[in-house]
Amino acid sequence: MPAPDAFLDVRDLRIHFPTDDGLVRSVDGLNFSLQRGKTLGIVGESGSGKSVTSLGILGLHNKRNARVSGEIVLDGTDIVNADPETVRKMRGRRMAMIFQDPLSAMHPYYTVGTQIIEAYRVHNNVSKAVAKKHAIDMLGRVGIPQPNRRVDDYPHQFSGGMRQRAMIAMALSCDPELLIADEPTTALDVTVQAQILDLMRDLQQEFNSALIIITHDLGVVAELADDVLVMYGGKCIEYGSAVTIFEEPEHPYTWGLLGSMPRLDRGVTKRLLPIKGNPPSLINVPSGCAFHPRCAYEAQTGGLGSTQVPELVEAGRGHLVRCHLPVAERKRIWQEQVRPKLEAAS
Amino acid sequence: ACGGGGTDSNTDSSGGGTTTTAAFDAANGKVFNPSDKKGGTLKMAISDSWDSVDPGDTYYALSWNLARLYTRSLTMFKVGPGKTSAELTGDLAEGLGVPSDGGKTWTYKLRPGLKFEDGTPITSKDVEYGVSRSLEKPTLVNGPTYFNDFLDLKGYKGPYTSKGQDNPAIDTPDDLTVVFHLNKPFGGFDYFAQIPATAPVPAAKDTGAKYKEHVVSSGPYKFASYEDGKHFTLVRNDQWDQATDPNRKALPDGYDVTIGAQADDIDNQIIDGSLDVDLAGTGVQPAALSRVLGQPDLKARADNPLAARLNYTSINPNIAPLNNIECRKAVEYAADKTSYQTAYGGPEAGGEIATGLMPPQIPGFQKLDVFSSGADNKGDLDKAKAALQACGQPNGFETNVAFRAERPKEKAAAEALQQSLARVGIKLTLKGFPVGDYFALYAGKPSYRNENNLGLMINSWGADWNDGFGFLSQIVDGRVIRDTGGSSNLSVNIPEVNTMIDGAIAETDTAKRDADWGAIDKRVMEEAVILPGVWGKAVTLRSKNTTNVFVNDAYGMYDYLSMGVQ
Amino acid sequence: MVVGPDASISDQVPVGEPPAEAEGSQKAIEGRSLGQIAWRRLKRDKAAMAGGIVIILLILIAIFAPLIVHAWGYPPNSFHQETMDPATQSPTSTFPFGHFDSKHLMGVEPPFGRDIFSRVLYGARISLLIAFLSTLLSVVIGATLGVIAGFLGGWADWVISRAMDLFLAFPILVFAIALAGVIPDKAFGLSGDTLRIVLLIFIIGFFNWGYMARIVRGQTLSLREREFVDAARSLGARNGYILRKELLPNLLAPILIYATLLIPTNILFEAGLSFLGVGIRPPTATWGGMLSEAVHYYTIPHYMFWPGLAIFITVLAFNLFGDGLRDALDPKTR
Amino acid sequence: MTESTARESVTTQAPQQEALLSVTGLQKHFPITKGLFKRQVAAVKAVDGIDFEVFKGETLGLVGESGCGKSTTGRLITRLAEPTAGKIMFDGKDISHLSTGAMRPFRRDMQMIFQDPFSSLNPRHTVGSIVGAPFHIQGVKTEHGTKRAVQDLLKLVGLNPEHYNRYPHEFSGGQRQRIGIARTLALKPKLIVADEPVSALDVSIQAQVVNLLEDLQTELGLTYVVIAHDLSVVRHISDRVAVMYLGKIVEVADRETLYANPRHPYTVALMSAVPVPNPRRREANQRERVLLTGDVPSPIDPPTGCRFRTRCWKAQDICATEEPPLVVRPGDAPGHQTACHFPVADDEQVVGRTKAA
Amino acid sequence: MVSYIIRRLFGAVLTLVIVSMITFGIFYLVPRWAGGTPESLASRYVGRTANAQQVAEAAHGLGLDKPFFTQYWDWFQAIFVGRDFSFGATQAHCPAPCLGYSFIGRNPVLPDILDRLPVTASLAFGAAIIWVIFGVATGVLSALRRGSIFDRMAMGVALGGVSLPIFWTGLVSLVLFSYTLHWTAPGSSYTPIEQNPGQWAYDLILPWITLALLFSAAYARLTRAGMLETMGEDYIRTARAKGLKEHTVVTRHGLRAALTPIATIFGLDVGLLLGGAVLTESTFGLQGIGKYAIDAISANDMPKVMGFVLFAAGFVVIANLIVDVVYAVIDPRVRLA
Ligand SMILES: Nc1ncnc2c1ncn2[C@@H]1O[C@H](COP(=O)(O)OP(=O)(O)OP(=O)(O)O)[C@@H](O)[C@H]1O
Ligand SMILES: Nc1ncnc2c1ncn2[C@@H]1O[C@H](COP(=O)(O)OP(=O)(O)OP(=O)(O)O)[C@@H](O)[C@H]1O
Ligand SMILES: [Mg+2]
Ligand SMILES: [Mg+2]
Ligand code: NI
């Protein structure tokens with residue numbers, strides 16, 4: 001997976017939080033890389049470490065309560081080990097982020113315009129007036145009607161979708177090369193979500209930036225991502241192109257995710273196929289394969305699941321899977337057992 | 001007079017004499033640092049406020065002492081240390097009053113050439129007006145009531161109430177003559193004539209209760225500024241003529257008086273010299289006391305005057321079981337006088353243990369020992385128990401002791417009584433009352449004190465002037481007790497005493513009169529309605545800057561008229 | 001309810017509780033209530049525990065003051081004039097800070113030489129009694145009105161909220177002083193110290209409920225929005241049931257927290273009143289009263305040191321404990 | 001739900017079915033007050049005159065965008081809120097304005113599942129007392145005592161009956177939702193209104209709960225009203241679906257009909273906006289999507305006539321003046337009602353029409 | 001906004017009226033419980049020679065014999081039209097706005113209070129400046145260095161600060177700094193600022209510091225809690241993600257939001273203090289409004305106490321109002337119609 005020409009290269013990223021209750025291993029050995037102009041989707045259950053990863057890439061973890069190790073190389077600079085000032089200068093300018101809840105992510109006391117201007121002026125030595133023109137420009141670009149008037153509104157005067165657009169405008173104000181969107185549409189209605197997703201796709205193409213989209217909605221991933229990284233318990237358990245992940249997934253957890261999801265594009269299935277049990281605790285991560293307590297095929301690993309952490313191994317071209325099941329067996333189960341069930345229409 | 005008051009020389013001081021050596025009590029009975037140098041501003045301060053600077057509306061000794069700076073009354077006490085001040089002399093008047101009609105009519109002749117601060121001449125009419133307005137107690141509530149009681153007013157109530165009427169008790173045959181008509185003979189009228197109420201007040205400038213805000217000066221100083229309850233300054237009155245005034249030296253150029261300062265700060269400021277006098281004249285605070293008495297340099301700047309003041313406890317004879325004289329005697333015997341003394345500040349700051357009412361410096365004083373509290377003054381418990389037995393309360397009884405809540409010394413006295421009476425089973429409950437209403441609404445109101453079972457009431461009294469009448473008349477005459485409250489006499493209503501008082505008043509022979517008052521004292525003591533505590537003393541401090549300092553025995557504090565500054 | 005066979009609701013993938021493995025991790029927290037969790041958290045907070053221990057000690061001291069004084073001191077009101085120089089009103093002892101000995105552990109106070117140790121101990125009784133009971137009163141009034149305002153809303157809320165504003169607008173201290181000053185000497189069949197104490201409790205408690213009510217109202221408002229209240233309602237629960245069973249258990253924590261934080265305020269309040277001379281009548285010892293007397297003798301600092309220290313320690317202990325309790329019980333910090 | 005035919009028969013026969021709940025002209029206006037005297041100046045017209053029926057044994061899905069009045073509708077029919085106008089008939093009886101006391105007997109037959117598994121369980125109560133509360137409140141005696149009944153219920157929803165004495169905070173979101181479901185089942189209700197029962201749950205857990213709900217329905221013959229904004233979940237779970245827009249129902253039909261032939265432009269737009277988890281369809285999908293512009297208007301001051309007209313690409317003058325009634329449009333299946341002057345025709349070439357695969 | 005302010009003003013006035021009614025009620029009723037009659041109340045103001053009839057006349061002239069509501073109404077309307085009193089022969093006039101007339105001091109209450117306001121205001125504002133600077137700075141530093149030694153020490157001191165009674169700290173510091181070391185002015189010192197600003201500050205520095213100590217402690221704790229909360233908000237993360245300097249993040253984004261609730265508490269505290277820092281003023285012997293109240297109480301001068309209570313409540317109510325309006329200005333979310 002590591003590509004020499006990668007724009008973003010994350011190697012063995014570990015982010016641990018020491019807490020009163022024990023060490024929280026939110027991210028535990030994550031590797032991936034990303035090219036300019038490409039989109040990576042990260043999916044996984046709540047608490048699987050998606051947001052922590054994204055904050056890690058921006059270097060936003062507080063040294064005092066987070067232990068970050070590994071490497072995050074953005075265009076040649078290792079963010080984990082660079083000095084804070086360098087990382088700060090990169091934030092906003094070279095990499096930017098869109099957050100899940102645009103209302104709480106914007107400062108309630110400053111106008112939308114002010115907040116965009118601020119983002120622009122940290123990195124560009126321009127006058128306020130110029131920055132304001134830029135802000136209006138950006139608001140217009142993300143499809144806010146009458147941007148020159150709305151620029152002086154406060155976030156709470158915007159509707160949910162407009163806020164998220166404003167967030168995007170703010171994130172894009174310095175033409176960042178890497179854009180991370182952490183659940184950008186979870187708080188929005190479907191119709192608005194569709195607008196925002198379109199907008200992001202268009203803007204990404206326009207700026208040719210690298211995009212990481214974090215979500216637990218497989219539909220969103222399918223709409224945007226070129227590659228998909230499936231996280232479970234702080235680890236990557238499957239990685240591949242979007243088509244691969246949706247059509248030839250090999251990890252039982254990925255199967256579970258697909259089975260849990262009712263789909264409008266298929267007939268009504270008789271029953272959903274959920275994953276049994278509950279997501280793992282990140283403090284007492286289950287021994288061996290973190291997924292083994294919930295895995296329907298655990299028996300077939302011959303006890304390996306509970307004792308040994310499986311390696312992330314290549315299962316096909318650019319397709320990596322972290323599973324004890326033999327490759328052939330996985331392919332068989334998918335083809336013979338799981339897929340038919342998923343596709344069974346009522 | 002409340003808040004100071006009293007008079008007479010120290011027993012050991014001969015009167016007169018001067019000294020320049022700083023020593024303890026150097027300004028008591030002698031003039032310390034005599035000087036004629038004029039100039040400077042004398043800085044005074046007081047922690048509480050007092051009733052008023054209006055000469056017709058004040059009853060505080062300090063106020064009478066101070067009023068002489070800006071008003072002149074008909075007569076005044078002679079200015080000087082020791083016994084000097086026991087004598088009266090003319091002030092506005094050329095000399096003392098001339099009695100006629102067997103002491104029922106008193107005539108005063110004013111000095112010529114007297115002027116108010118605005119230059120208008122002072123006439124006998126102004127004196128009459130001053131006295132008349134002081135009769136208006138509903139408006140000018142504070143002053144003494146001697147003129148109301150003794151003048152032959154024939155229903156005249158004062159210039160506000162009896163508008164347009166002339167005061168029938170005062171005649172002004174010419175501009176320089178004032179004649180007073182009394183309703184009974186009274187030999188000591190010259191004492192009345194020194195009350196500030198006889199100071200002249202121009203009728204046109206009288207604003208009733210608000211006159212205090214601008215008192216028109218007849219003395220050497222006049223008000224330059226006046227902020228009620230906070231601060232005022234006096235400056236020289238250029239219309240005052242030294243030639244008309246043999247008694248006043250008027251040394252400083254002005255006076256600066258701060259009201260409502262913090263008591264401890266006053267002490268500290270006098271110690272470091274940024275203040276000259278504590279106007280209250282009641283001595284240093286407990287905090288400074290140990291310092292003053294302990295540090296020789298400070299002690300040399302302190303005096304220990306004895307005030308004509310009795311701190312005592314009234315025993316209410318109208319409630320059970322104190323209506324039985326034996327129970328009252330039990331209280332008298334059981335009380336520990338030393339702790340009473342300690343409560344007031346010990347032998348030097350507190351006073352001498354009292355055995356009767358009249359302080360030693362009052363003429364007619366005799367050493368009484370009606371209820372001996374034992375050799376060590378700690379009470380005679382055996383006699384107390386015997387008295388209780390006689391009273392039919394062998395195991396003691398319960399009652400309340402009232403005191404003024406804001407006065408720590410009275411509170412301490414109540415605590416001291418509580419402890420000492422508990423030794424014979426008399427249980428006291430302490431009840432503090434607000435100072436302002438102590439006499440008007442609580443202890444001073446017969447219905448209240450009887451209904452609320454106030455058996456003992458802490459009290460304190462200073463002579464209006466140093467003679468038997470001036471000391472005793474307001475506290476032992478049962479006829480001054482009023483149902484509406486407000487009397488200082490809380491417990492003494494003995495018909496026999498009332499008659500004796502009338503006799504003493506009518507008595508013209510001074511020696512016999514003094515003896516009469518002494519007898520009254522004894523008779524009251526025998527009734528066991530007053531538990532004497534201590535005759536007040538104070539440790540007072542003079543600043544390093546003061547000159548011509550001495551204790552005026554008429555007021556029991558430094559003489560404010562004579563003091564100068566370096 | 002008769003339940004159908006288990007099998008019918010589990011087909012290919014079991015929907016039931018995950019089997020044994022998950023059980024293991026849950027065992028550790030079996031049946032632990034929020035209270036127990038809070039207690040565990042509190043135990044870890046050393047400062048709060050220290051505060052708690054001091055509070056318990058103080059309460060014990062207050063209860064057993066007569067016994068302790070019997071062993072180590074003198075009755076609080078008894079005089080020891082021999083320890084004071086009557087002329088200077090300062091201790092006879094040459095030791096600069098007054099008369100100490102095995103029976104006067106903190107020296108004596110002027111002017112009669114009363115034992116400071118026993119007075120401080122007896123003062124604890126009054127201070128704590130008044131603080132506790134007035135807090136209780138504030139809590140009862142405040143919590144009741146707060147709950148009513150928050151739960152019923154509408155005009156009840158409007159009236160109570162205005163009343164709250166009103167009480168918060170009063171210059172409480174002055175008002176309390178004025179009231180304590182004009183109150184009769186005998187009332188409601190009580191007199192003396194008992195009446196004073198009852199009165200102070202009433203005054204302090206009565207003028208302090210506004211803050212408590214405001215907090216409880218806020219909490220109730222937010223609780224009312226929680227779905228479990230709707231759930232109870234949808235089951236047909238009456239208002240009384242919802243108040244008692246659903247809201248009250250959740251309000252106990254904030255009430256407890258603010259009660260512990262109100263106690264130190266009330267201790268200071270009482271001390272302030274006594275300091276200004278409108279507290280308990282003399283000679284009964286109170287800390288504020290002792291301080292106000294010590295002021296007259298400020299040149300000998302140990303008179304004001306001991307009662308001041310007593311107030312400080314008590315208030316600090318309650319504050320520490322209250323803070324700790326807040327951290328332990330506050331769901332936000334969980 | 002063992003037989004898919006059973007469901008079909010339900011849907012086709014729907015109009016003839018006996019209605020358990022029927023709602024007519026239901027309104028809820030929240031007053032907005034202002035000034036010293038709390039003068040009412042306006043109202044949030046959260047629900048503004050809706051009619052629908054819920055038949056015995058079926059599941060009615062209620063979808064729509066945030067703020068369109070779904071929850072309010074749910075609260076109205078369970079009488080947690082007092083309707084401003086309109087009539088709610090439950091099991092043949094009018095319950096629209098019953099008092100709390102008079103409502104109590106009906107509560108047994110009508111229960112509600114709440115959205116947020118964290119706030120719907122009182123953190124201070126044990127699971128036992130939470131699930132036992134219905135017995136307690138309704139004064140129901142159970143055969144083997146409340147504890148046994150509660151444990152049976154816990155087993156029924158797939159929880160370990162041993163957990164009787166635990167507190168909600170010791171459970172995961174999915175488990176909590178099961179506790180909530182157990183509580184609603186205690187009194188054997190006929191109708192369960194579920195307000196977003198799974199939207200707070202993770203996808204994998206969501207499926208468990210959806211399955212549980214379906215299983216219970218089969219088992220106990222329950223009737224559901226399921227409120228959700230996730231159209232795929234609604235489609236999965238419902239027999240009939242009602243689409244709401246700004247306090248109004250704009251379209252009702254049985255599931256197949258609605259998803260295959262949506263008539264109302266809003267329904268069309270809504271469905272086209274759902275992202276499809278199929279990366280191969282991405283390009284095609286984008287072309288087919290109907291992108292709505294603008295925001296949902298304020299329910300305080302909704303547009304005249306048809307409320308959707310401000311965002312509708314087919315809107316004409318009449319839409320502003322005349323409010324389209326919710327009726328069966330010519331040519332539509334019985335029970336497929338649409339409130340639109342210009343419904344989208346079956347074969348209409350709208351940008352963004354996705355045929356069911 | 002304007003209508004909001006008007007509405008709030010209306011409410012404020014209403015609150016004051018009710019405060020005045022309650023106060024009046026208490027001071028009217030309690031003396032009567034204590035056995036007071038119109039005559040006994042009046043007897044205090046008529047001197048010692050008055051007979052029962054004069055007392056009764058005075059009681060009538062002062063209106064003490066009227067029923068509660070009449071008395072209240074007389075008192076209330078005096079605020080707008082002034083009022084006359086009769087002490088028998090003499091009359092007194094209390095010009096509008098008349099907050100009461102002291103029968104003991106024979107003067108209207110309001111001018112007295114206004115006269116003392118500068119002292120209290122000097123005390124309150126001076127102390128406020130100190131405590132805001134120290135309290136907020138300490139709170140911010142503590143929050144930023146949460147768990148550090150500085151934080152622990154600062155919070156320990158702060159807890160100590162709020163646990164110390166002000167009259168004690170005041171006394172101890174007076175004894176130490178004024179009487180022993182002579183660094184600061186002794187108690188009871190006050191010089192009007194217009195006379196000598198230097199002296200003014202010198203005289204007040206000790207009361208300021210003492211008062212500020214108490215409040216700094218409280219504000220440090222508040223600020224710390226507020227900062228910890230806001231620094232955990234999503235918008236702080238956003239600000240950092242924009243690449244802002246940490247300093248900007250803390251001040252412009254964190255502190256700005258954390259200070260809003262503190263600003264409102266600050267307004268109320270200053271309002272309360274302007275209504276009389278009773279304990280501080282009596283400890284330091286400052287002739288401010290609080291001391292005025294205490295003195296009035298010990299003199300049992302009820303009209304003064306009444307006037308004071310209303311005046312002080314007025315400050316709180318006005319402070320409340322200002323705080324709400326300011327809140328609406330600094331927090332755009334609460335801008336109301
Ligand atoms: N500062 C922190 N201290 C301790 N634990 C933390 C901290 N930040 C995150 N975690 C823990 O790390 C885990 C991963 O959190 P993260 O926010 O990355 O999950 P997520 O995948 O984004 O979930 P969601 O879908 O709910 O957003 C969680 O268990 C969380 O509790
Ligand atoms: N108690 C209330 N007072 C005033 N307005 C309310 C109240 N409850 C709901 N509303 C308003 O009524 C409208 C409908 O709200 P409702 O909660 O029913 O929407 P919803 O469809 O459930 O939305 P969501 O999908 O966000 O849950 C909204 O505009 C909401 O703001
Ligand atoms: Mg996340
Ligand atoms: Mg809803
Ligand atoms: Ni006197």
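Residues numbered from 1 in each chain as written. Chains lettered and ligands numbered in written order. Predicted model: local features only at pLDDT ≥ 70, side-chain atom pairs only at ≥ 80, totals over all residues. Heavy atoms only, no water.

On to the sheet that holds strand β11 (residues 327-328) of chain D, then. All names here are of chain D. With mixed pairing, eight strands are arranged side by side in an open sheet as β6-β7-β8-β3-β9-β10-β12-β11. Edge positions in the sheet fall to β6 (110-113) and β11, since each has one partner strand and no second. In terms of strand pairing, strand β10 (residues 248-254) meets strand β12 (residues 337-338) through two bridges, oriented antiparallel. Residue V252 lies in a different strand from β12, and its bridge partner there is Q337. Against the sheet, helix α7 (residues 203-220) engages β3 (59-64), β6 and β8 (223-227), with an angle of about 160 degrees to β8. (Pairing = 2+ DSSP bridges. Helix = DSSP H or I, 4+ residues; strand = E, 2+ residues; numbered from the N terminus. Contact = heavy atoms within 4.5 Å. Axes fitted to C-alpha atoms, helices over the stretch in contact; angles between N-to-C directions.)

To continue, consider the interface of chain D and chain A. How large an interface is tends to be reported as the accessible area lost when its parts come together. Taken residue by residue, the interface counts 43 residues in chain D and 49 residues in chain A. Of the roughly 4100 Å² buried at the junction of chain D and chain A (both faces included), carbon and sulfur atoms supply 54%. The interface formed by chain D and chain A holds zero salt bridges in total. At the junction of chain D and chain A, the tally comes to ten residue pairs in polar contact (both at pLDDT 80 or more). (Buried area = accessible area lost by both parts, 1.4 Å probe. Salt bridge = Lys/Arg side-chain N within 4 Å of Asp/Glu carboxyl O. Polar contact = N/O pair within 3.5 Å; in protein donor to acceptor, adjacent residues only side chain to side chain.)

Disulfide: a covalent bond formed between the sulfur atoms of two cysteine residues. Residues and elements named next belong to chain E. A complete count under the given rule lists two disulfides over all chains for this structure. Across the disulfide, C94 is cross-linked to C98 (sulfur-sulfur distance 2.1 Å). Here the disulfide of C94 and C98 is right-handed, its torsion about the S-S bond being about 105 degrees. Overall, the relative accessible area of 0% leaves C94 in the buried class. (Disulfide = S-S within 2.5 Å. Buried < 20%, exposed > 50% of the residue type's maximum accessible area, 1.4 Å probe, protein only.)

Here the focus is the site of ligand 1. Residue and element names in this part refer to chain A. The environment of ligand 1 is formed by 14 residues, the closest being S26, S46, G47, S51 and V52. One of the backbone N or O atoms of G47 is found 2.8 Å from an oxygen atom in ligand 1. Separating an oxygen atom of ligand 1 from a backbone N or O atom of V52 is a distance of 2.8 Å. Summarising the interface, the protein chains cover 64% of the accessible area of ligand 1, which totals 630 Å² for the free molecule. Elements with a contribution of two residues or more to the shell around ligand 1: β1 (8-19), β2 (22-34) and α1 (50-57). (Near = heavy atom within 4 Å. Areas by Shrake-Rupley, 256 points an atom, 1.4 Å probe, with all protein chains shown as cover.)

Here the focus is the arrangement of the chains. Here eight pairs of chains are in contact, and chains A and D lead that list by number of contacts. With no contact formed, the shortest span from any C-alpha in chain B to any C-alpha in chain D equals 44 Å.

Before going further, it helps to examine the packing of aromatic side chains. Taken as a whole, this structure holds 72 aromatic pairs over all chains when the rule is applied. Here the aromatic rings of F433 of chain B and Y438 of chain B are separated by 6.5 Å at their centres, their planes lie at 45 degrees, and the arrangement is tilted. Assigned by exposure class, F433 of chain B and Y438 of chain B land together as buried. Each ring, one from F215 of chain E and one from Y219 of chain E, has its centre 6.5 Å from the other, and the planes form 50 degrees; the classification is tilted. Here the residue F215 of chain E and the residue Y219 of chain E both occupy positions in helix α8 (residues 197-231), the gap between them amounting to four residues, near one helical turn. Y219 of chain E carries the same exposure label as F215 of chain E, and that label is buried. Cation over ring: K299 of chain B sits above F24 of chain B, and NZ or CZ is 5.0 Å from the ring centre. Positioned over the ring face of Y164 of chain D is K147 of chain D, at 4.9 Å from the centre of the ring. (Phe/Tyr/Trp six-rings, centres within 6.5 Å; stacked < 30°, edge-to-face > 60°. Lys NZ or Arg CZ within 6 Å of the ring centre and 35° of its normal.)

This part covers the UniProt feature "transmembrane region" (unreviewed entry) in chain C. Using the residue numbers shown here, the UniProt feature "transmembrane region" (unreviewed entry) corresponds to residues 47-69, 126-152, 164-183, 195-216, 251-280 and 300-322 of chain C. Secondary structure across residues 300-322 of chain C comprises 91% helix and 0% strand; the distance between its end C-alpha atoms is 34 Å. (UniProt positions renumbered as here; feature names shortened; annotations may be inferred.)

Here we come to the side chain of T105 of chain B. Residue and element names in this part refer to chain B. When you line up the elements, T105 lands in strand β7 (residues 105-109). In this structure T105 comes out as buried when scored by relative accessible area, which is 10%. Sequence-distant contacts of T105, defined by excluding residues within four places in its chain, comprise V98, P99, S100, V179, F180 and H181.

Spatially, β10-β11-β12-β3-β13 (chain B) is the arrangement adopted by the five strands of the open sheet, whose pairing is mixed. The open sheet has two edge strands with one neighbour each: β10 (221-227) and β13 (277-278) of chain B.

Once that is clear, we can look at the packing of helix α16 (residues 495-506) of chain B against helix α17 (residues 510-526) of chain B. All names here are of chain B. Here α16 crosses α17 at 170 degrees, and the two axes come no closer than 9 Å. Of the possible angle classes, the one that applies to α16 and α17 is roughly antiparallel. Two packed elements cross with a definite hand, and for α16 against α17 that hand is left-handed. Across the interface between the two elements, E496, V497, M500, I501, G503, A504 and I505 from α16 touch R513, D516, W517, A519, I520, R523 and V524 from α17. Classifying every residue of the contact of α16 with α17 gives nine nonpolar, one polar and four charged. (Parallel < 35°, antiparallel > 145°, perpendicular 65-115°, else oblique. Left-handed = near helix turned anticlockwise from the far one by under 90°. Nonpolar A, V, L, I, M, F, W, Y, C, P; charged D, E, K, R; others polar.)

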